[in-house]
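# Structural overview
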Amino acid sequence: MIRVAALWYNKHLDDKIKVLLLSSDEANKAKAINEGIPTMSLEQYVSGLNNITLTDKLSNRTCMVEETSKEPIFPPHLTPAKIHQGIKSGKLMQGTFFASSDNFLEGNVFVEGQEKNILLQGRENLNRAINGDIVAIQILPESQWSAPANLVLADYDDLDLENNLNNVEKPKEKYPTGQVVGIIRKKWRQYCGIIQHSLVENATRHLFVPAEKKIPKIRIETRQYDKLKDQRVIVSIDTWPRTSRYPLGHFVRSLGKIGEREAENEVILLEHDVPHSKFSDEVLGCLPKETWTISAADFVGRKDFRDLDICSVDPPGCTDIDDALHCMPLDNGNFQVGVHIADVTHFVKPGTAIDLEASQRATTVYLTGRRIDMVPGLLSSNLCSLRGGEERLAFSCVWEMTPNADIVNSTYTKSVIKSKAAMTYDQAQLIIDDQNQDNSIALGLRQLNKFAKILKQRRIEAGALVLASPEIRFLVDNETRDPLDVEVKQLKETNSMVEEFMLLANVEVAKKIHSDFPEFAVLRRHPKPPPSNFESLIKAAAHLGVELNVDTSRDLANSLDKAVKLDNPFFNTMLRILATRCMLQAVYFASGTKTYEEFLHYGLAAPIYTHFTSPIRRYADVMVHRLLAVSVAVDNTTPEMLDKRKIEALCQNLNTRTRMSAYAERASVALNTHIFFRGKIRDEEGYILYVRKNALQILIPKYGLEGTLFLSPRKGQLQAATFIYNEEEQTQRCGEIVFRTFDPVSVQLSLDSSNVQHERIVLKLVKPEIPNFSVPSITASVIAVQQPQKNPLEPCDSPCEPQLKKAKI
């Protein structure tokens, strides 16, 4: 058919335009030439254009042919038919492969229905699987079962590492261990990274080093090395032959110079699959005019709350204000309390271009210095933002509450509000603390704060967990946006006050939509973690005489409350940080897909929960608003709202996007921490979080930073201290000094930029002092290069502070 079409065009165009048939199918080419049709392979055609950039974008075919003549490195993959037969007979299993971020020679395969993941160790057993691939695996004999090496290995070029892995003493507990025998479905994508430095002049073959540590190096061909050697580039994988240590791929495009903020941010967004292109004309066409104001028609079906003393409390500089509160006394001694949430669904109608775009983006992503909005700025920072002194459309939860914070009755209604004040947490705290202020806003805030304390205590008594994570904020230069200082985020009572009422609204709305839509409610669950998740934490705490009971969330909460060590003031916080890491991920789901018992939000000890309070930055809340609007008879249902499969598909996307946005935000904080530490060396106090076979994981509270202190000898060191690792007790010993989880240490921090792809904060031990290992203390807090400060330090605004958002739990 293709040949017939090419022949037809060449006849009818009378040679005015020559139609060329491109094909890499040798048989097809031969027939075309026989029939007098001009034909070439794609490679021949592109090469003839004399365009180096286009040539680089060709699939890596020449390498593929040459690889077939080499000795195999990996076992062969089974044919699809044999894989299918093996899975059907039970001899093989299929699952998703997850590469280790700490050890490139290890990975796990999650197999549905298996209690434990299947462990993969060594090159042959990994057998060319790439992170995210759906693989077929064969379980090895039980005599070959093993355990994770507990090593931090990241150097792809150290040929001794595989031997080191095999020589590590194996612990008593062993895990099912397997080998990849086939790739069922590849999850390859385009990867960001750099081209490895080459000493060979005019070389065309190079190794590409991905930014994602879980991805192996990729061999590519390019004649643009001199141009690309200092660039962040994107590469795509073409194939991975048995005879090649690395997969083969090709250059796609350049992102910009290594180290430049824009290029590095682009890498973060691409690597975490964050949609960040400009909003399309179709999406922008759904927006009202910038001069839009509330009309008389908008009041239909809404309560007029413009006279209420409503106010918002947010981080400094926040422009996407999606919640506000009010509290006023009633004649009967009770109080009217309102939670007012931006009515985003008034502007985002189901099935429109803006709705489809928001559903795909799923969440706003907060990088340091940049915010990737879920909906265009006209809505997120203006028409839907509950700014002080401006009339706005809202969805309100209004409760009558007793002085003991018991809800007597509830009302859910669309409304029009006019916030009397848009405050920061600090400003609201000052008003609450200043007893001389007795206006209605001050009185309302104080009563809300009283209620919040009661609500929080009630949640804790029910078994809610008070966990912790190291969260920091950057102080930035106004012009360059470079971080000038970094500090741990300080929480005030007002943070907790706002959080408690957001949690209350989410719980109450969840009950309402589930009662009216038992099969189709969009809810959020937090599964109870299996006891095995806590094993290492329980063991580490026991060595310090602290007993952790993890039978229920209440038992765990009580254990954490009692776990106090007078000689280590940060101990309890660390314990809560580590307990957080034992948790499973909270996820969105359709109520009809789970039993009521499975609705439980373990961390909040809430039998039922949803997200209603942040529709500007979370699409889940948009879906919940639509359900609630139908519940209170101010809107009609749509077929999509009652389609369980579509709801579940949207929930899966929400879960993926939420998880990836969190990773992107962490990566952004790490990038700015690295920028901050350029040219600096600092001594700081830290605590041991984990004891590894070859390293200590250290938490630096001042920076909310976690780093690795390697225990191996430093380069060029003639004499070195010897460390002995005890698997059972999870300790490292050097002479009389023993390191355990939670122990305080003093470390020296600096930035190692020798690997431009993976700059890292280097930790060296200062105290306790160990001969031939510790380094002397730096007396000055900052040395070496420091840029002159052109502007006074100012707290950065909300887009610069990914951590300064409302509670997301």
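Residues numbered from 1 in each chain as written. Predicted model: local features only at pLDDT ≥ 70, side-chain atom pairs only at ≥ 80, totals over all residues. Heavy atoms only, no water.

### Observations regarding empty space enclosed by the protein
Selection rule: A cavity here means a set of 1 Å grid points, computed over protein atoms only, where a 1.4 Å probe fits but cannot escape. A pocket is an open set with protein on both sides within 12 Å along at least 5 of 7 lines, and lining residues have an atom within 4 Å of a point. Grid points are joined across faces, edges and corners, and a volume is the space filled by probe spheres set on the points. To qualify as a helix, a DSSP run of H or I must reach at least 4 residues; to qualify as a strand, a run of E must reach at least 2; elements of each kind are numbered from the N terminus. Note on residue classes: Ala, Val, Leu, Ile, Met, Phe, Trp, Tyr, Cys and Pro are nonpolar, Asp, Glu, Lys and Arg are charged, and everything else, Gly too, is polar.
Counted by the stated rule, this structure contains four cavities of 30 Å³ or more. The calculated volume of the second largest cavity comes to roughly 60 Å³. In terms of lining, the second largest cavity is formed by His272, Asp273, Val274, Pro275, Arg361, Thr363, Val365, Ile372, Arg657, Met660 and Ser661. Here the lining of the second largest cavity gets three residues from one element, more than from any other, and that element is helix 21 (residues 644-677). Class assignment for the residues of the lining of the second largest cavity results in five nonpolar, three polar and three charged.

### Focus: the packing of aromatic side chains
Heads up, the rule is: Only centres within 6.5 Å qualify two rings of Phe, Tyr or Trp (six-membered ring in Trp) as a pair; their planes then separate them into stacked at under 30 degrees, edge-to-face at over 60, and tilted for everything else. Here's how the labels work: a residue is buried when its accessible area is under 20% of the maximum for its type, exposed when over 50%, partly exposed in between, all with a 1.4 Å probe on protein chains only.
Evaluation of the coordinates by the stated rule reveals 11 aromatic pairs. On the numbers, 6.4 Å between centres and 40° between planes, the contact of Phe723 with Phe739 is tilted. In this pair, Phe723 is assigned in the loop between strand 28 (705-710) and strand 29 (724-726) and Phe739 in strand 31 (residues 737-739), connecting sequence segments 16 residues apart. Of the residues examined, Phe723 reaches a relative accessible area of 16% and is grouped as buried.

### Remarks on unusual backbone geometry
Cis geometry marks the peptide bond from Lys767 to Pro768, where omega comes out at 0°. Mapped onto the secondary structure, Pro768 falls in the loop between strand 33 (760-767) and strand 34 (794-795). Look at Arg128: it is not a glycine, yet its phi comes out positive at around 75°. Here Arg128 lies in the loop between helix 7 (123-126) and strand 6 (134-139). The exposure class assigned to Arg128 is buried, which follows from its relative accessible area of 8%. With phi around 65°, Asn772 is a residue other than glycine that occupies positive phi space. Summarising the element assignment, Asn772 is placed in the loop between strand 33 and strand 34.

### Brief notes about the sheet that holds strand 4 (residues 106-110)
Condition: Criterion used throughout: strands pair if DSSP finds at least two bridges between them. Axis definition: a line fitted to C-alpha atoms, limited for helices to the stretch in contact. Angles are taken between N-to-C directions and run from 0 to 180 degrees.
With respect to topology, five strands assemble into an open sheet ordered 5-4-3-6-7, the strand pairing being antiparallel. Strand pairing shows two members of the sheet lacking a second neighbour, strand 5 (118-121) and strand 7 (178-185), which therefore form its edges. Strand-to-strand twist in this sheet, taken as the mean axis angle between neighbours without regard to direction, amounts to 40°. Both strand 3 (residues 93-99) and strand 4 contribute to a ladder of four bridges, which runs antiparallel. Looking at strand 4, one finds that Phe97 is bridged to Val109.

### Focus: the sheet that holds strand 28
Hydrogen bonding along the main chain pairs the strands of a sheet, whether they run parallel or antiparallel. Rule in force here: In this description, contact between two residues means that some pair of their heavy atoms is separated by no more than 4.5 Å.
Read across the sheet, five strands follow the order 28-27-26-32-33 without closing on themselves; strand pairing throughout is antiparallel. Looking along the sheet, the strands with just one partner apiece sit at the ends: strand 28 and strand 33. The sheet shows a mean angle of 45° between the axes of neighbouring strands, direction not considered. For strand 26 (residues 681-691) and strand 27 (residues 695-700), the ladder comprises four bridges, and the chain directions are antiparallel. By the bridge assignment, Tyr690 is partnered in strand 27 with Gln697. The strands that helix 19 (residues 571-581) touches are strand 26, strand 27 and strand 28; relative to strand 26, the one it contacts most, it runs at about 55°.

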